[in-house]
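Observations on chain architecture
One-letter residues, chain by chain:
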Amino acid sequence: MPGRSLTSVAVRLQGQVYLFDAGEGCQINLKKTKLGIKSLRVVAVSHLHADHCLGIPGLMMMRAQVPDAGPLTILGPPGIERFIRQVHESLAFFLDYPLSFLEWNEGRAEVAYEDDLVRILWGPLKHTTLCLGYRLEEHPRPGKFNTEAARALGIPSGPLWGKLQRGETVTLNEGDTISPKQVLGPPRPGRKICYGVDTRPNKTLYHLCQGVDLAFLDGMFLPEHQEEAETKGHMTVDDAARVAARAGARAAVLVHISPRYTEEDMGKFGDAAKERFENAVIGTDLQQITIPYPGEDSDGRSNL
Ligand SMILES: [Zn+2]
Ligand SMILES: [Zn+2]
């Protein structure tokens, strides 16, 4: 649609970017967001329908124009590697960074990918072709630093506090050894996101959505087009809002709106979604959302 591009979600964490789906022209919007193409680590593709993967070649080409871009990992269904390799071969475009592929198969572990910041889980959804849903989980953070306990143990404030906060054991001048657990609270859970588009509600979708901080879900149709949603393997906005609410998501952004609707219909979409789940909204292009840690508001203060 003129004011609504294809569905992609970019997650930025500590300067690194994880992208879910790349429809045609995705690199243009990514550039507009200024998230940084160099810091793109992973592209996770839901399925091999054009509106979810035709943007990858353009992204790859744009990324080859920045110096010292690191490795890029592409996750997706069987065939994603062949698709990319064929385009690369046919167009013979310049590529100067390592590219690796992880394709889903029946016997694969639930954790598709893991690095120092996150792990990404995947599973098959229910669409007209094999379509994967994803769940990105930030690694748990160390517990809160207990300054009183640190003072009581005679640890001077400064670099030693920092080391303990990072989980390192320290030795004081007097020779005493202090372990992080003496001054840190229990580990705090990281944030979690679900990306589930082009699907009917299914068990895997509920599983991937369980207790997430934010769920990006397919809300392609208005409730009055339920039958069409079922035959095309999509959800209505109220299907999607119901999944998010039942799975205990804290909030949901409903995306992948059918181009048959106009911007004037968006109010109806919003109302239908909110009826099922008050923390559901309809996503818009270039929308940026800061996800607070559970129990904290967006500027990091505790709201418990
Ligand atoms: Zn599809
Ligand atoms: Zn689609």
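First, a word on scope: everything that follows refers to the structure included in this document.

Rules of the game
Residues numbered from 1 in each chain as written. Chains lettered and ligands numbered in written order. Predicted model: local features only at pLDDT ≥ 70, side-chain atom pairs only at ≥ 80, totals over all residues. Heavy atoms only, no water. Pairing = 2+ DSSP bridges. Helix = DSSP H or I, 4+ residues; strand = E, 2+ residues; numbered from the N terminus. Donors = N, O, S within 2.8 Å, 3.2 Å for Na, K, Ca; no water. Tetrahedral: all angles 85-135°; square planar, octahedral: opposite > 155°, others 65-115°. Buried < 20%, exposed > 50% of the residue type's maximum accessible area, 1.4 Å probe, protein only. Axes fitted to C-alpha atoms, helices over the stretch in contact; angles between N-to-C directions. Contact = heavy atoms within 4.5 Å. Salt bridge = Lys/Arg side-chain N within 4 Å of Asp/Glu carboxyl O. Phe/Tyr/Trp six-rings, centres within 6.5 Å; stacked < 30°, edge-to-face > 60°. Lys NZ or Arg CZ within 6 Å of the ring centre and 35° of its normal.

Take the pairing of strand β6 (residues 111-114) next. Here is the key point about a regular strand: its side chains alternate between the two faces of the sheet. By the bridge criterion, 3 bridges tie β6 to strand β7 (residues 118-124) in an arrangement that is antiparallel. Within β7, the residue paired with Tyr113 across the bridge is Ile120. If you look at the hairpin formed by β6 and β7, you'll find 3 residues sitting between the two strands.

Turning to the coordination of the zinc ion (ligand 2), a few remarks are in order. Coordination of the zinc ion (ligand 2) by the protein is provided by Asp51 (OD), His52 (NE2), Asp198 (OD) and His256 (NE2), with metal-donor distances spanning 2.1 to 2.3 Å. The coordination sphere of the zinc ion (ligand 2) comprises 4 donor atoms, whose angles at the metal cover 89 to 158°; the geometry is irregular. Between the donor residues of the zinc ion (ligand 2), the gaps in sequence give the motif D-H-x145-D-x57-H. In this model, the zinc ion (ligand 2) sits 3.6 Å from the zinc ion (ligand 1), the two metals being bridged by Asp198. One end of the pair, Asp198, is in the loop between β11 (192-196) and α7 (203-209); the other, His256, is in the loop between β13 (252-255) and α10 (266-276), and 58 residues separate them in sequence. On the basis of relative accessibility, which here comes to 2%, the residue Asp198 falls in the buried class.

This part takes up the coordination of the zinc ion (ligand 1). Within the protein, the atoms that donate to the zinc ion (ligand 1) are His47 (NE2), His49 (ND1), His127 (NE2) and Asp198 (OD), at distances of 2.2 Å. Around the zinc ion (ligand 1) sit 4 donor atoms, and with donor-metal-donor angles ranging over 85 to 165° the site reads as irregular. We note that the donor set of the zinc ion (ligand 1) lies within a single chain, spaced as H-x1-H-x77-H-x70-D.

Pairing is mixed across the open sheet formed by 7 strands, whose spatial order is β6-β7-β8-β11-β12-β13-β14. Each edge of the open sheet carries a strand with a single partner, namely β6 and β14 (280-282). The average angle at which neighbouring strand axes cross in this sheet is 20°, direction not considered. Judged from the 3 bridges that link them, β13 and β14 form a sheet pairing that is parallel. Looking across to β14, one finds that Ala252 is bridged to Ala280. Against the sheet, α10 engages β13 and β14, with an angle of about 165° to β14.

What follows concerns the pattern of salt bridges. Evaluation of the coordinates by the stated rule reveals 17 salt bridges. Its salt-bridge partner being Glu138, residue Arg191 comes within 2.9 Å of it at the nearest N-O pair. Of the two residues, Arg191 is situated in the loop between β10 (177-178) and β11 and Glu138 in strand β8 (residues 132-138); the sequence distance between them amounts to 53 residues. Both residues of the pair, Arg191 and Glu138, count as buried. Between Arg250 and Asp213 there is a salt bridge; the shortest N-O distance is 2.4 Å. Remark: Asp213 occurs in the loop between α7 and β12 (214-218) and Arg250 occurs in the loop between α9 (237-246) and β13; sequence separation between them is 37 residues.

Tallying each qualifying case throughout the model produces 5 aromatic pairs. Ring centres 6.3 Å apart and planes at 40° place the aromatic pair Trp122 and Tyr134 in the tilted group. With a gap of 12 residues between them, Trp122 in strand β7 and Tyr134 in strand β8 connect regions that are remote in the sequence. In this pair, the class of Trp122 matches that of Tyr134, namely buried. Both rings, one in Tyr261 and one in Phe269, keep their centres 4.8 Å apart while their planes meet at 80°; by these two values the pair is edge-to-face. Note on Tyr261: relative accessible area 5%, which makes it buried. Judged by its relative accessible area of 0%, Phe269 falls in the buried class. Members of the aromatic cluster, joined through ring pairs, are Phe20, Trp122, Tyr134 and Tyr195. When the ring centre of Tyr293 is taken as reference, the NZ or CZ atom of Arg141 above it lies at 3.3 Å. Between the NZ or CZ atom of Arg191 and the centre of the ring of Tyr293, over which it lies, the distance is 3.9 Å.

All we've got here are geometric facts, nothing functional implied.
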